[in-house]
Each structure stands twice: as C-alpha cells, then as structure tokens.
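# Analysis of the macromolecular model
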Amino acid sequence: MEIYEILSQIMEERNLKVAEVARLCDLPDGTVRGIIKREQKDIALKVALKLSKGLGVSIEYLNGMPERKKSSEELRQEKFKKYEHIIDKYRFISTHSPDGASVVDTVLDREYAIAEKLREQKEQLEKVQRMDMEVAEEIVPRRIIAYYGKIAAAGKSYGFEDVLAGTLECPLTDESERADYAIGVSGDSMEPTFFDGDIVYVAKNSIPEIGDIGIFQKDNGIYIKEVGENELISHNSQYKPIVNNGDILCLGKVVGKAEE
C-alpha cells in the first residue's frame, strides 16, 4: 500500500478529517490534503516523522510494511520511561530540598493509602457483584404439580383413578408449564426414548395424534406409548403393540421429560 492509501485508511478507521490530522501531526492542512490526493509522491522524512508521532504509528507502517510487535521488555521499558522524569525530579528534590522531599513523601503516603482503600472497595464490590450473579443464576422459577409416581408401564393392576397423587416441584419451563401432572416411567418398553425411572410431563386435556406419545389406561393397566393406527406402540421392539379395541382411555399427551 502507498502512503496515501495508508493515511486514508487511518483517517477512515478513526473518523478523522484533514484538519484534525493536521492538528495532531503539527502539519499544514495543505500538506495532509496533498498526501491524500497523491499530489506528493515523495514524503519528506520530517513530514513522515510528524505523521508517525501524531498518529501513533511507525514509519515502517506508513511505508506499507507490517509493524513489528514490541516485546514485553520493550513495553516495560516504555512504561518506565513515562515515569522516569518524575523519578529524576524526586531525586533532585531529595538532594537539594530535604523538606520538600518530606512533603512529597507525605503526599505519596496519603495518596497510596487512599488508592489502597479504593482498590479494596473495588475488589469487594466486584466480589459482591459476582455473588449476586451466582445467586441470580441459582434462582430458577419453580412450580408444583401433581405427581402420580412410577406407574406408567405395561400391565400394572390398578386404575389411574385409584392412585393417590403426590407432588413434584420442578423448574418452570415451557414443558412443565403446559403440564397438568407428572408421572413416572416403569420398565423398559419405551427405551431408548424413555427409561425406567424417568418422569414425564402430561397435558391432561391434549389428545395425542398419530406419532405422539401419551399416557393411556387399558383395563387396570397404565401405559406410556406412541399412538399408532388403532394401536399403541412401544419403542422397544421386544414389546408387541397394544391393539385398540375401543377400550383404551387416553389420560393425556406427554409434553416433555423432567430433567434431573
């Protein structure tokens, strides 16, 4: 890239106008404008140095070469040089004005103590904020729904209406919010979709369609099955479908599984 392209790019990235670049670099507006308009093909070293200093980029960068990254030692030395003149002044005061040095020491000690307090306050505030965030993450809205225990299986010898419901406290999610009750899975007839001990959410007034999973009662058995054509299907191929002869009662549609 040519210098006019680099300068134009810097101005665009920093949203700088010609007058602002001229002021930063202590150059006439016409000089900056001439570089951008490619009226000056050869840039004097003095101008390049002012551009470098004013814009905070290296001469190499202005000449289209990639900037060399400074080592950590170079950065440390630069930081030290920023305060080197302050150290020199303190040494001078200590040598020629001991009382003045004492005043400086008093001010430094006072300001250091204030800075320590401010740092401690900042650290404590950040700690409290972190604790608040952790507590907020742990506070999850909950709801309590009826829970019928581990009875949704194949062939239990009691009716759904005979089972006393307990309660289940669960996180408030889209699935649990839709549920009227929860029921536990017993056995392996619906593996790998549901396993023994899983708890599912059920919407009592939702009628499962073909392909949906629901809770059903046939005779004295409570079942969790997929709806098929005139039959209830187990996901475990070792179990045969249950034929619907009009004697199956739907107890609701499974709308999700409770997470542990």
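These numbers were taken from a predicted model, which means no experiment stands behind them.

What counts as what
- Each chain has its residues counted from 1, running along the sequence as written.
- Given that the model is predicted, a residue must reach a pLDDT of at least 70 before its local features are reported, and side-chain atom pairs must reach 80 or more before they are shown or counted; all residues, however, enter totals for whole chains, interfaces and linings.
- For side-chain calculations, the full set of non-hydrogen atoms in the structure is used, while hydrogens and water are omitted.
- Helical segments are the DSSP runs of H or I of at least four residues, strand segments are the runs of E of at least two, and each set is numbered from the N terminus.
- Any two residues whose heavy atoms approach within 4.5 Å are treated as being in contact.
- Note on areas: Shrake-Rupley, 1.4 Å probe, and residue coverage restricted to the protein chains presented here.
- A pair of Phe, Tyr and Trp rings is counted when the ring centres sit within 6.5 Å of each other, with Trp represented by its six-membered ring. The angle between the planes then sorts it: under 30 degrees is stacked, over 60 is edge-to-face, the rest tilted.
- Under the scheme applied here, a residue whose accessible area is under 20% of the maximum for its type counts as buried, over 50% as exposed, and between as partly exposed, the area being computed with a 1.4 Å probe on protein chains only.
- For a ring to carry a charge above it, either NZ of a lysine or CZ of an arginine must fall within 6 Å of the ring centroid while also lying within 35 degrees of the normal to the ring plane.
- Strand pairing requires that DSSP identify at least two bridges connecting the strands.

### A word on the overall build of the protein chain
Each helix and strand counted, the protein chain has 8 helices and 9 strands in total. Of all intrachain contacts in the protein chain linking residues separated by at least 6 positions in sequence, the fraction that spans at least 24 positions is 59%. When the accessible area of the protein chain is evaluated, it comes to approximately 18,000 Å², of which 52% is carbon and sulfur surface.

### What to know about the packing of aromatic side chains
Throughout the structure, instances matching the rule amount to 1 aromatic pair. Ring geometry for Tyr148 against Tyr181: centres 5.3 Å apart, planes inclined by 85 degrees, an arrangement best described as edge-to-face. On the criterion of sequence distance, the pair formed by Tyr148 in strand β1 (residues 142–152) and Tyr181 in strand β3 (residues 181–185) is long-range, its members being 33 residues apart. You can call Tyr148 buried: its relative accessible area is 18%. Looking at Lys225, its charged tip hangs above the ring of Tyr239, at a distance of 5.8 Å from the centre.

### A word on the pairing of strand β5 (residues 213–218)
For β5, a buried count of 6 out of 6 residues is recorded, marking the element as mostly surrounded by other parts of the structure. Because side chains alternate across β5, one face comprises the buried residues Ile213, Ile215 and Gln217, and the other comprises Gly214, Phe216 and Lys218, equally buried. Two strands pair when backbone bridges link them, and β5 and strand β6 (residues 221–227) are joined in this way by 6 bridges, in the antiparallel orientation. Counted as the bridge partner of Phe216 is Tyr223 from β6. In this antiparallel pair of consecutive strands, β5 and β6, the connection spans 2 residues, and Asp219 shows a positive phi of 55 degrees. Bridge count for β5 against strand β9 (residues 248–257) is 5 bridges, and the pairing is antiparallel. Residue Gly214 lies in a different strand from β9, and its bridge partner there is Lys253.

### Details of the environment of Ile248
Mapped onto the elements of the fold, Ile248 is located in strand β9. On a C-alpha basis, the gap between Ile248 and Leu232 in space is 9.4 Å, while along the polypeptide they are 16 residues apart. The contact partners of Ile248, leaving out residues within four places of it in the chain, are Phe216, Gln217, Lys218, Leu232, Ile242 and Val243.

### Concerning the environment of Ile210
Relative to the helices and strands, Ile210 resides in the loop between β4 (199–203) and β5. C-alpha separation for the pair Ile210 and Asn230, spaced 20 residues apart in sequence, amounts to 9.4 Å. Excluding anything up to four places from it in sequence, Ile210 contacts Val227, Gly228 and Glu229.

Worth remembering: the numbers are spatial, not functional.
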